[in-house]
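Results of the structural survey
Chain residues, written in single-letter form:
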Amino acid sequence: MMMKQSSPVSGFELPELAADNKINRVLAAALQSCDLSDVPVFEESPIYWGAAYFGLDRVSIFQGASEREQQEILCQLNQGLLHESLAIEQAGVGYMAKMVLMADSSQERMLYSLFGADETMHLAQLQPYAKSDMEKIAADPFLQLLAEIVESADKLVLLFVLQVVLEGWGLTHYRSLAKDCSDQGLRRLFQSFLQAESRHHGTGVMLFSQAQVSSSSQVTIVDCLATFLQMVRVGPQRVMGAIATQLGHLSRPQRIKILQQLDTVTHSHQRLQLLKALMTNTGGTIVDTLEAKGLFTPLSPEEAASYG
Ligand SMILES: [Fe+2]
Ligand SMILES: [Fe+2]
């Protein structure tokens, strides 16, 4: 019998069932222990994070744009944040399921199964706020990298890159989303994710520090993280991308000015230092190798203006 080839771990390509499919009812009943009472009243283009969250209050071309253009830029960035969180949780469900099968002890298997339920709840709770969009996922280099890494068969690569580094990073990201969110329901939602995410991250740190890391795993880990760090070094390119989408082509001098006003060096530096601290805990030689490649150094506005 021909078996269907298993779908990608990220789940990014999975179709959504039609609303009248009976499976939806079973799922809704099974999710009932998850509090979905804060489901938002649907607005056309809600702004949960304002200009200051993105540093746009300091960008002169944004300040000079019409009110409608400013709203469009903020709307694109807000949707981007929600959409990214949704995709991360979607990939998390697949990742945890994969780790259930890769577990080395009964306790580990039980833990990952519970973690899978955490990510499923997060996904279900975010779904009222954003829609999964294959086109956006395909155009996003970070989500593409994530989809690639979760396919790895090397458990230590998965543990270090996804659980130690990216879940640690996600924890800080969700905390800042919660802190600056203007909507009470959504703010509480991101806050409610923190405890589970911290447990996911902590388990990764624990399991990785107990493991013997082969040099081939090291090399793969360094490769994955180098690609990721490069994305952080180039600064707030999404903010610049949203400006360009709404206001049209930006010349090189305009791009440099925007990056200067967004203070791209400080923006990247803070993030790179956080990532370095997450890696230093458990991966001393990994950090040294990445450091030697200059990957914890932010790009200047002039350098960063050539990307994006
Ligand atoms: Fe999550
Ligand atoms: Fe998680």
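In short, a report on the structure. It should be emphasised that the depicted structure is a prediction, and the values quoted were computed from it without experimental measurement.

Moving on: the overall build of the protein chain. Secondary structure summary: the protein chain contains 14 helices and zero strands in total. For the protein chain, the succession of helices and strands along the chain, N to C, is α-α-α-α-α-α-α-α-α-α-α-α-α-α. Counting only C-alpha atoms and orienting by the principal axes, one finds that the protein chain spans roughly 60 × 55 × 40 Å. Looking at the protein chain as a whole, 34% of its 308 residues qualify as buried.

With that out of the way, let us pick up helix H9 (residues 215-233). Helix length check: H9, at 19 residues, gives a terminal C-alpha distance of 26 Å against a target of 27 Å (1.5 Å per residue), a fit within 8%. Every buried residue of H9 is listed here: Ile 221, Val 222, Cys 224, Leu 225, Phe 228, Leu 229, Val 232 and Arg 233. In this structure, the buried residues of H9 make contact with helix H6 (141-149), helix H7 (155-180), helix H12 (264-282) and helix H13 (284-292). In the segment just after H9, Gly 235 is the residue with positive phi, at about 80°.

Residue position: Gln 246 is located in helix H10 (residues 237-247). Between the C-alpha atom of Gln 246 and that of Gln 76, which follows or precedes it by 170 residues, the distance is 9.2 Å. What Gln 246 contacts, discounting residues up to four positions off in sequence, is Glu 69, Glu 72 and Ile 73.

As a further point, take unusual backbone geometry. Positive phi values are uncommon outside glycine, yet Asp 263 reaches one of about 55°. The residue Asp 263 is located in the loop between helix H11 (252-261) and H12 in this model. On the basis of neighbour counts, which here come to 16 C-beta atoms within 10 Å, the residue Asp 263 falls in the partly exposed class.

Here Gln 163 lies in helix H7. Judged by the 23 C-beta atoms lying within 10 Å of it, Gln 163 is buried. Residues Gln 163 and Ala 28, spaced 135 residues apart in sequence, show a C-alpha to C-alpha distance of 29 Å. When near neighbours in sequence (up to four residues on either side) are disregarded, Gln 163 contacts His 200, His 201, Thr 203 and Gly 204.

To continue, consider H12. With 19 residues, H12 should cover 27 Å at 1.5 Å per step; its first-to-last C-alpha distance of 28 Å lies within 8% of that length. Three or more residues of H12 are buried, namely Thr 264, Ser 268, Arg 271, Leu 275, Leu 278, Met 279 and Thr 282. Along the long axis of H12, the arc covered by the buried residues comes to 95°, so they all point the same way. Looking at H12, the residues exposed on the side facing more than 90 degrees away from the buried face are Thr 266, Gln 273 and Ala 277. Close packing links the buried residues of H12 with H7, helix H8 (184-209), H9, H11, H13 and helix H14 (301-304).

This part covers the environment of Arg 175. Along the chain, Arg 175 falls in helix H7. A count of 16 C-beta atoms within 10 Å places Arg 175 in the partly exposed class. Expressed as a C-alpha distance, the spacing of Arg 175 and Leu 194, which sit 19 residues apart in the sequence, is 7.1 Å.

Moving on to the nonpolar core. Nonpolar side chains tend toward joint burial in soluble globular proteins. Counting 55 residues, the largest nonpolar core has Val 150, Phe 160, Val 161, Val 165, Ile 221 and Leu 225 as the members making the most contacts within it. Broken down by secondary-structure element, the contributors of at least two residues to this core are helix H3 (67-102), helix H4 (106-126), H6, H7, H8, H9, H12 and H13. In terms of residue count, the dominant contributor to this core is H7 (twelve residues). Beyond its immediate sequence surroundings of up to four residues, Ile 221 is in contact with Val 157, Phe 160, Val 161 and Ile 286. With 17 residues, the next largest nonpolar core counts Phe 54, Val 59, Phe 62 and Leu 259 among its residues.

Packing of H4 against H8 brings their axes to within 11 Å, and their N-to-C directions diverge by 155°. By the angle class used here, H4 and H8 are roughly antiparallel. You can see that H4 and H8 cross each other, and the crossing is left-handed. Between H4 and H8, the residues in contact are Leu 111, Phe 115, Asp 118, His 122 and Gln 125 and Leu 189, Phe 193, Ala 196, His 200 and Thr 203, respectively. Its residues placed into classes, the contact of H4 with H8 shows five nonpolar, four polar and one charged.

Cut-offs applied
- Residues numbered from 1 in each chain as written.
- Chains lettered and ligands numbered in written order.
- Predicted model: local features only at pLDDT ≥ 70, side-chain atom pairs only at ≥ 80, totals over all residues.
- Helix = DSSP H or I, 4+ residues; strand = E, 2+ residues; numbered from the N terminus.
- Buried ≥ 20, exposed ≤ 12 C-beta atoms within 10 Å, placed from the backbone.
- Expected span 1.5 Å × (residues − 1).
- Contact = placed C-beta atoms within 7 Å.
- Arc of directions from axis to C-beta.
- Core = buried A, V, L, I, M, F, W, Y, C linked by C-beta atoms within 7 Å.
- Axes fitted to C-alpha atoms, helices over the stretch in contact; angles between N-to-C directions.
- Parallel < 35°, antiparallel > 145°, perpendicular 65-115°, else oblique.
- Left-handed = near helix turned anticlockwise from the far one by under 90°.
- Nonpolar A, V, L, I, M, F, W, Y, C, P; charged D, E, K, R; others polar.

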